[in-house]
Protein chains: 2
Amino acid sequence: MGVKEGKGPQARWFDKILQDDYYGEKTFEKAESKLLKNSITMAIEKAGLKKQTIDVMLTGDLLNQLMSSSYMARDVSIPYLGLYGACSTMTESILLASVLVDGGFCTHTVAGASSHFATAERQFRMPLEHGNQRPPQAQWTATAAGAVTISQSLGRTDKPLCCITHGTVGRVVDPGITDTNFMGAAMAPAAFDTIRAHLTDTGRKSSDYDLILTGDLGRVGKKILLDLALKKSSQDEKDESVFRHFRKVYEDCGAIMYEDCQDTHAGGSGCGCSASIFAGRIVKEMRAGKYKRVLLVSTGALISTISKQQGETVPGIAHAVTVEVM
Amino acid sequence: MGVKEGKGPQARWFDKILQDDYYGEKTFEKAESKLLKNSITMAIEKAGLKKQTIDVMLTGDLLNQLMSSSYMARDVSIPYLGLYGACSTMTESILLASVLVDGGFCTHTVAGASSHFATAERQFRMPLEHGNQRPPQAQWTATAAGAVTISQSLGRTDKPLCCITHGTVGRVVDPGITDTNFMGAAMAPAAFDTIRAHLTDTGRKSSDYDLILTGDLGRVGKKILLDLALKKSSQDEKDESVFRHFRKVYEDCGAIMYEDCQDTHAGGSGCGCSASIFAGRIVKEMRAGKYKRVLLVSTGALISTISKQQGETVPGIAHAVTVEVM
């Protein structure tokens, strides 16, 4: 985790906090790649495995051509599948890793994602030296990486294990937002679409979950998602029943990553945001007995500098995975 | 397929050839997205399916943040997983779609990939207006898209069906190439690594295949791969047996996409190169009885403009899928 994230309210959950966002490298991009590499390596070690036993590794990041993931994969030398779902990448990687394992194609896999404030800011927005002013709806790309191993069986363990029991692949939903700082609004309708599809497909209600955790809608997007759920509930009897207790179990990683006083405005974002809070905090809390069933819904805003220049809107996407303690 | 590809030796196999590489759009990026969309739509229609019955669509392209795929997915509105493996994306998408189907998670899926000469050239190299000279080892990014439906069963058909029976996820292999025009050399060692891993894992020899088809090594990369196979065979008795007939069954999509007189130098490249030749030609030839068992090995060069500026080399990757007529 980066320096700023290490001063935030989630700091005690993270396994490693950097003293310097360059992480001993010459560029921020190489620092992000190293952060992801360490995250992958730690996940493998914590599972008591060796990298030679990992069949496939699935990762992604926000950089053009997945620079962080590609160079990490070169250094780690495990068979590698690159994924891009913007900040929804963590659930995309968990979902596909689970499918590879549950379908009997792999024994051990690793799923991960990373982001870095400095690499994202200069790629998508302005040079850092520019020191441009950020609007109140803007979010702060977390300097963070997270990874989990997903295996057929790790044998006996002291603590209960987290299992992936369901996955819902999301559709791209475009609410027509053109302000690339307003990502919470661009992603919230996609998050709602995926959560609703998930609950409909499984015949569950939001109250069947101890926690429904979106990726990085931030404070503004979180409010929009709550409004969408409330609006839908008031229009449809079935939705009313499904979303009745949604507010009680709902939280967003971006909204809890930083303190208000950390000047991040609407909260955190980036692939590493939900990746680090899920792998760093939620998995530990689940294994310690706090939650039995969690729905993780990482959310992505599919922007590129080119699409913006060509007058395109910012479409959103969200994928969901159910994690249960067994 | 683009105008230039429509004048090449593979033209008769392609389902649609454009009259203009803008394809009625204002930008090349939007043209590429439309090309992919049409390819996906045609694949669904040819399988006698409707888009509402497709559970998941897996696609990717070369553009920053997968612009072509993202906007295609918004317009098509099917649950979508974005993949990035540079020009290896077609086999990555086929492999993961097959896993989703074979593992029982999906009934119908679509896998596809696209590329466009004009979008890739201006993103990775020079503005088109610059008219820069290309070195002899350079390849020409194909303006092309290809897609296939992968389903549990389509019921009775007149012709035999192609089935995906094996998949091998590749490792990133970096031969240390720094010339971003020399992609054939950057990818050939990864292609060899994946083909060797596939043959070792399955206990097969190259002679067990009617065709081993790499993605876009081009004429130079094809020669390097043949040299690698020959060298390995002369050093190791086991490799000698495995690769004995390799030369007889080996071909490369990039090497056959254009005529020598089309001035593409080392041949074709881009995600759409192997995607269109596989979906456009090979599947048809297999169903007509020409090949029984094909190994498709799409190959990718993991370059980005940022990594090049930071003095990094060009790592390669390749994924393989076995396609058999049943």
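Computed from a prediction, not measured in an experiment: that's the story for all the values here. (Residues numbered from 1 in each chain as written. Chains lettered and ligands numbered in written order. Predicted model: local features only at pLDDT ≥ 70, side-chain atom pairs only at ≥ 80, totals over all residues.)

Engineer: Before we go on, may I ask you to explain the sheet that holds strand β5 (residues 144–151) of chain A in this structure?
Structural biologist: Backbone-to-backbone hydrogen bonds join strands into a sheet, with any given pair of strands oriented parallel or antiparallel. Residues and elements named next belong to chain A. Judged by pairing direction, the sheet is mixed, and its four strands sit side by side in the order β2-β1-β3-β5 without closing on themselves. The sheet terminates laterally at β2 (80–82) and β5, the two strands that pair on one side only. Across the sheet, the axes of successive neighbouring strands diverge by a mean angle of 15°, strand direction being ignored. Examined bridge by bridge, strand β1 (residues 56–60) and β2 share three bridges and lie parallel to one another. The residue of β2 that forms the bridge with Thr59 is Gly82. Helix α10 (residues 271–287) rests against β1, β3 (108–115) and β5 of the sheet, and its axis sits at about 55° to β5. (Pairing = 2+ DSSP bridges. Helix = DSSP H or I, 4+ residues; strand = E, 2+ residues; numbered from the N terminus. Axes fitted to C-alpha atoms, helices over the stretch in contact; angles between N-to-C directions. Contact = placed C-beta atoms within 7 Å.)

Engineer: Help me understand the packing of helix α1 (residues 28–46) of chain B against helix α2 (residues 67–76) of chain B, please; the structure alone is not making it clear to me.
Structural biologist: Each pair of packed helices gets described by two things: the angle between the helix axes and the distance between those axes. Residues and elements named next belong to chain B. Two elements in contact, α1 and α2, have axes whose closest approach is 8 Å; the angle formed by their N-to-C orientations is 55°. One finds that α1 runs oblique with respect to α2. Judged by the twist between their axes, the crossing of α1 over α2 is right-handed. Every residue of α2 that contacts α1 at Glu29, Glu32, Ser33, Leu36, Lys37 and Ile40 is listed here: Met67, Ser68, Ser69, Tyr71, Met72, Asp75 and Val76. Of the residues that constitute the contact of α1 with α2, the class distribution is six nonpolar, three polar and four charged. (Parallel < 35°, antiparallel > 145°, perpendicular 65-115°, else oblique. Left-handed = near helix turned anticlockwise from the far one by under 90°. Nonpolar A, V, L, I, M, F, W, Y, C, P; charged D, E, K, R; others polar.)

Engineer: Can you help me understand the environment of B:Gln19 in this one?
Structural biologist: Tracing the sequence through the fold places B:Gln19 in the segment before α1. For B:Gln19, a count of 9 C-beta atoms within 10 Å puts it in the exposed group. (Buried ≥ 20, exposed ≤ 12 C-beta atoms within 10 Å, placed from the backbone.)

Engineer: Quick question: what am I supposed to make of the relation of the copies chain A and chain B here?
Structural biologist: What relates the pair of chain copies is a rotation about an axis plus a shift along that axis. You can overlay chain A on chain B at an RMSD of 0.0 Å; the transform is a turn of 180° with a shift of 0.0 Å along its axis. Here the copies are linked by what is in effect a two-fold axis. Here 100% of the interface residues in chain A have copies in chain B that are interface residues too; the copies meet face to matching face. (Least-squares fit on C-alpha atoms with pLDDT ≥ 70 in both.)

Engineer: Hey, could you run me through the sheet that holds strand β1 (residues 56–60) of chain B in this one?
Structural biologist: Residues and elements named next belong to chain B. Taken in spatial order, the four strands make up an open sheet running β2-β1-β3-β5, and their pairing is mixed. Here the strands that pair on one side only, and so sit at the sheet edges, are β2 (80–82) and β5 (144–151). Put simply, the sheet's adjacent strands are angled 15° from each other on average, direction ignored. Strand direction decides the pairing type here: β1 and strand β3 (residues 108–115), joined by five bridges, are parallel. Among the inter-strand pairings, Val56 is bridged to a residue of β3, identified as Thr109. On the sheet, α1 packs against β1, β3 and β5 and is oriented at approximately 150° with respect to β3.

Engineer: Explain helix α3 (residues 89–102) of chain A here, please?
Structural biologist: Given 3.6 residues per helical turn, the α-helix brings residues three or four places apart onto the same face. Taking 1.5 Å as the rise per residue, α3(A) with 14 residues should run 20 Å; its terminal C-alpha atoms sit 20 Å apart, in good agreement. With respect to burial, α3(A) is a largely interior element, 13 of its 14 residues being buried. (Expected span 1.5 Å × (residues − 1).)

Engineer: Even after reading the chapter, I still don't get the interface of chain A and chain B, so can you show me in this structure?
Structural biologist: Interfaces are often sized by the amount of accessible area the parts lose when they come together. Taken together, the contact between chain A and chain B spans 42 residues of the former and 42 residues of the latter. Considered class by class, the residues forming the side of chain A that touches chain B number 23 nonpolar, 12 polar and seven charged.

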